[in-house]
Structures are given as structure tokens and as C-alpha cells.
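What the coordinates show
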Amino acid sequence: MSNATLQRARPEGRTPAPDQEKPRRRRTGWWLLLAPILAFDVLLFLSPLGKLVGSSFTGNAYQRVLEDPLVIRSLVNTLSISLASTIVTVVLGYVIALVLWHSGTVTRVILFAVVLLPFWTGILVKNFAWAVLLQDNGIVNSFLQAVGLTDAPIELLHNRLAVIIGMVHCLLPYAVFPIFSSLTAIDDRLALAARSLGAREASIFRRITLPLSAPGISAAGLLVFIISTGFFITPVVMGGPGDMMIADQIDYYARQLTDFSGAAALAVILTVLVSILVAIYQRVLKAGGQHADN
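Residues numbered from 1 in each chain as written. Predicted model: local features only at pLDDT ≥ 70, side-chain atom pairs only at ≥ 80, totals over all residues. Heavy atoms only, no water.

**Some remarks on the overall build of the protein chain**
A count of helices and strands for the protein chain gives 14 helices and 0 strands. Listing each helix as α and each strand as β along the protein chain from the N terminus yields α-α-α-α-α-α-α-α-α-α-α-α-α-α. For the protein chain, the residues scored as buried account for 33% of the 294 residues in total. Sequence-distant contacts, at least 24 apart, represent 74% of the contacts inside the protein chain between residues at least 6 apart. Within the structure as shown, the protein chain displays about 18,500 Å² of accessible surface, and the carbon and sulfur contribution to it stands at 67%. (Helix = DSSP H or I, 4+ residues; strand = E, 2+ residues; numbered from the N terminus. Buried < 20%, exposed > 50% of the residue type's maximum accessible area, 1.4 Å probe, protein only. Contact = heavy atoms within 4.5 Å. Areas by Shrake-Rupley, 256 points an atom, 1.4 Å probe, with all protein chains shown as cover.)

**Concerning a nonpolar patch on the surface**
A grouping of Val42, Phe45, Leu46, Leu49, Val53 and Phe57 is seen on the molecular surface, where their side chains present a nonpolar patch of about 560 Å² in accessible area. Here Leu46 is to be found in helix α2 (residues 18–56). Under the relative-accessibility criterion, Leu46 is labelled partly exposed at 46%. (Patch = residues over 30% accessible without salt bridge, like charges linked within 9 Å, V, L, I, M, F, W, Y side chains within 5 Å. Salt bridge = Lys/Arg side-chain N within 4 Å of Asp/Glu carboxyl O.)

**Examining the UniProt feature "transmembrane region" (unreviewed entry) in the protein chain**
With numbering aligned to this structure, UniProt lists the feature "transmembrane region" (unreviewed entry) at residues 30–50, 70–97, 109–133, 161–186, 216–240 and 260–281. Along residues 30–50 one finds 100% helix and 0% strand; the C-alpha atoms at either end are 27 Å apart. In the segment residues 109–133, helix accounts for 92% and strand for 0%; the C-alpha atoms at its two ends are 27 Å apart. (UniProt positions renumbered as here; feature names shortened; annotations may be inferred.)

**Description of helix α8 (residues 160–184)**
For α8, spanning 25 residues, the distance from its first C-alpha to its last is 35 Å, which sits close to the expected 36 Å at 1.5 Å a residue. Its axis deflected by about 45° at Leu171, α8 carries its strongest bend there, up to four residues before the proline Pro173. One side-chain oxygen at the N-terminal end of α8 lies 3.3 Å from the backbone nitrogen of Leu161; it belongs to Asn159. (Expected span 1.5 Å × (residues − 1). Bend = angle between axes of the 7 residues up to and from the residue. Polar contact = N/O pair within 3.5 Å; in protein donor to acceptor, adjacent residues only side chain to side chain.)

**Section: the confidence of the model for the protein chain**
Regions with low pLDDT should not have their predicted coordinates read in detail. With 88% of its residues at a pLDDT of 70 or more, the protein chain has an overall mean of 87. Within the protein chain, helix α1 (residues 3–9) has the poorest average pLDDT of any element, 49, and helix α4 (residues 69–102) the best, 95. (pLDDT = per-residue confidence, 0-100.)

**Description of the packing of aromatic side chains**
Under the definition given, this model contains 5 aromatic pairs. For the ring pair Phe57 and Tyr62, a centre distance of 5.3 Å and an interplane angle of 55° mean the geometry is tilted. An aromatic cluster of three or more residues is present, and its members are Phe112, Phe177 and Phe180. (Phe/Tyr/Trp six-rings, centres within 6.5 Å; stacked < 30°, edge-to-face > 60°.)

**Examining the pattern of salt bridges**
Across all of its chains, the model carries 5 salt bridges by this definition. Across the salt bridge formed by Arg64 and Asp259, the nearest N and O atoms sit 2.7 Å from each other. Of the two residues, Arg64 sits in helix α3 (residues 61–66) while Asp259 sits in the loop between α13 (246–256) and α14 (260–293), which places them 195 residues apart along the sequence. Taking relative accessible area as the criterion, Asp259 reaches 15% and is therefore assigned buried.

**Describing the nonpolar core**
Core analysis: the largest hydrophobic core is formed by 26 residues, its most contacted members being Ile81, Trp101, Met167, Ile179, Phe180, Leu183 and Phe231. At the level of secondary structure, the elements contributing two or more residues to this core comprise α4, α5 (105–120), α8 and α11 (214–228). Contact partners of Ile179, with chain neighbours within four places excluded, come to Val90, Gly93, Tyr94, Ala97, Gly216, Ile217 and Ala220. With 14 residues, the next largest nonpolar core counts Val65, Val71, Leu222 and Val274 among its residues. (Core = buried A, V, L, I, M, F, W, Y, C linked by side-chain atoms within 4.5 Å.)

**A short note on α5**
For α5, spanning 16 residues, the distance from its first C-alpha to its last is 22 Å, which sits close to the expected 22 Å at 1.5 Å a residue. At Val114, α5 shows its largest kink, close to 30°, and the proline Pro118 lies no more than four residues downstream. Considering only its buried residues, α5 is in contact with α4, α6 (123–134) and α8.

**Notes on the environment of Ile204**
As for its placement among the helices and strands, Ile204 is situated in helix α10 (residues 201–212). Judged by its relative accessible area of 5%, Ile204 falls in the buried class. Taking C-alpha positions, Ile204 is 6.5 Å from Ala191, a pair spaced 13 residues apart along the chain. The residues touching Ile204, leaving out its near neighbours within four places in the chain, are Ala191, Ala194, Arg195, Ala199 and Thr209.

So this is what it looks like as C-alpha cells:
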């Protein structure tokens, strides 16, 4: 019997072909490359998160915290303050990103340094600086009285406005860079073609710049909102008693009451609530994108 006959008689699939072994080797290589990252996530993220969730189910923690009226008020404050801060931050970030996009090299470098300034200073330093500016005898009130706009100091500190100002100052870079990245990806020839056809600048912005930069706006809004829900120091330093956020309640349960299961329950509630809002946000954006394509 010849070798060709033996090869034809050999059952198929017993010896994999070389071209079939290559994808398997590639998949194995990818898993080996991802193994350190997966181990890192399991060790430093999933494991503590699992312990947190397990601790939240001890001692009727959810019932205790949900029966506390301050907790409900803190949740409402967290969502309302975070939403207001997100809107203001994204609007200001879009304006700054537009200026950066249309600026020259030197001006862009200077503006980038100004935008990055919040990253270079501690959050306590920023908050106390704003407290000095907004207090009754601060620079802002002194200026308003000097120009005759007010006869007495305006209450600009220890209220919700002060909290939003402090949060926007900290969150602004997180909105500028995603929006600026989406703006730089726009082809300049689109605006030139629109101008050659007689389009005005307002029409170019409404029909070209704004729709093409929408992914950056949505990414900035999502990032800013998620970060803002965890703010802790700014509401304490710049807000009043009625502006307490859920992170302050978590700290109160953990440090003052030493109720770690209650603090864990609050953390889980905040995580689940923000996750639901993020899922709804993404679903709305996806539906809006599909409607726009149609």
C-alpha cells in the first residue's frame, strides 16, 4: 500500500493541519499576555469589591441605611449636584476645546497649561483657594461692591453654587481632552467645502462641527458624571449642611458610627444606581445615533 493510500485512510481531524494550529497558538499567546492584567484586576479590584458586597449583606445594613432620611437626601443631592456639575463642565469644556482647536501653537500650549493646572494642585488647595475668593470679604464680593453691583456681600460660600463651582474646577480637564480629541479628528476640508458653497459659520458649527464632535461630548459627560458622584472633600469645605453627598455619608458611617456594613451598603447602592444611569445614558445615545443615521 502506498504512502498516499495510507494518508487517505488516516482518520480526519486526528492530526491538525499547520494552518489550524496557528490560530490556537495566537489565542494562547493572547491569554498569556492578558494573564498579568487579569490577575491584577482580580487581586486589587474584584476581590475587594466582592468583600464589600458581602459585608453589605450583614446585619440588615440595607434596611438601616434606607430608613435613614439623611441617606435619601444625600442620594438626591449627589445626583442633582453631579448632574448640574456635569452640564456646566461639559459646556465650559466644549468652549475651551473649541478655542484650543482654533488656536495657534503658542496659545494652545498656554491654554493647555491652564487647563492642566487643576491636576498640579491638591484638591484641598483648590477648595480653600475658592473659599478665600468667595467668602464675604473675599475678592469676588469686594469687586462686586466696588463696582456698585451690590451694597452688601452676597452669600457665595457654603451653598450649592459654591460646591458646583469647586467641582467644575476639578472636573474641567476631564471634559476638555475628550472633546478636543474629537474636534481634532474632524477633517478641515469639510468646513472649507461648506464655506465654498456659501454656508455661514453658525450653519457649519450646527451641521458639521457639533455632530462630528458628539462622541467626545458623550464621553466627557459620562466620565465627568461618574467622577462627580464620588466627590467628598468639596461638599464639606464649600457646601452647607444641606449639600451633603453620599460619599460624606459613607465616611460618617465608617468613621463616626464604625458601621462598616452600613458604609458598604451605601457604597453598593451608589455603584448600582450610577451603573443603571450610565446604562440608560448609553442606551439613549445609541438610540439617538441610530435615529440620526436613519
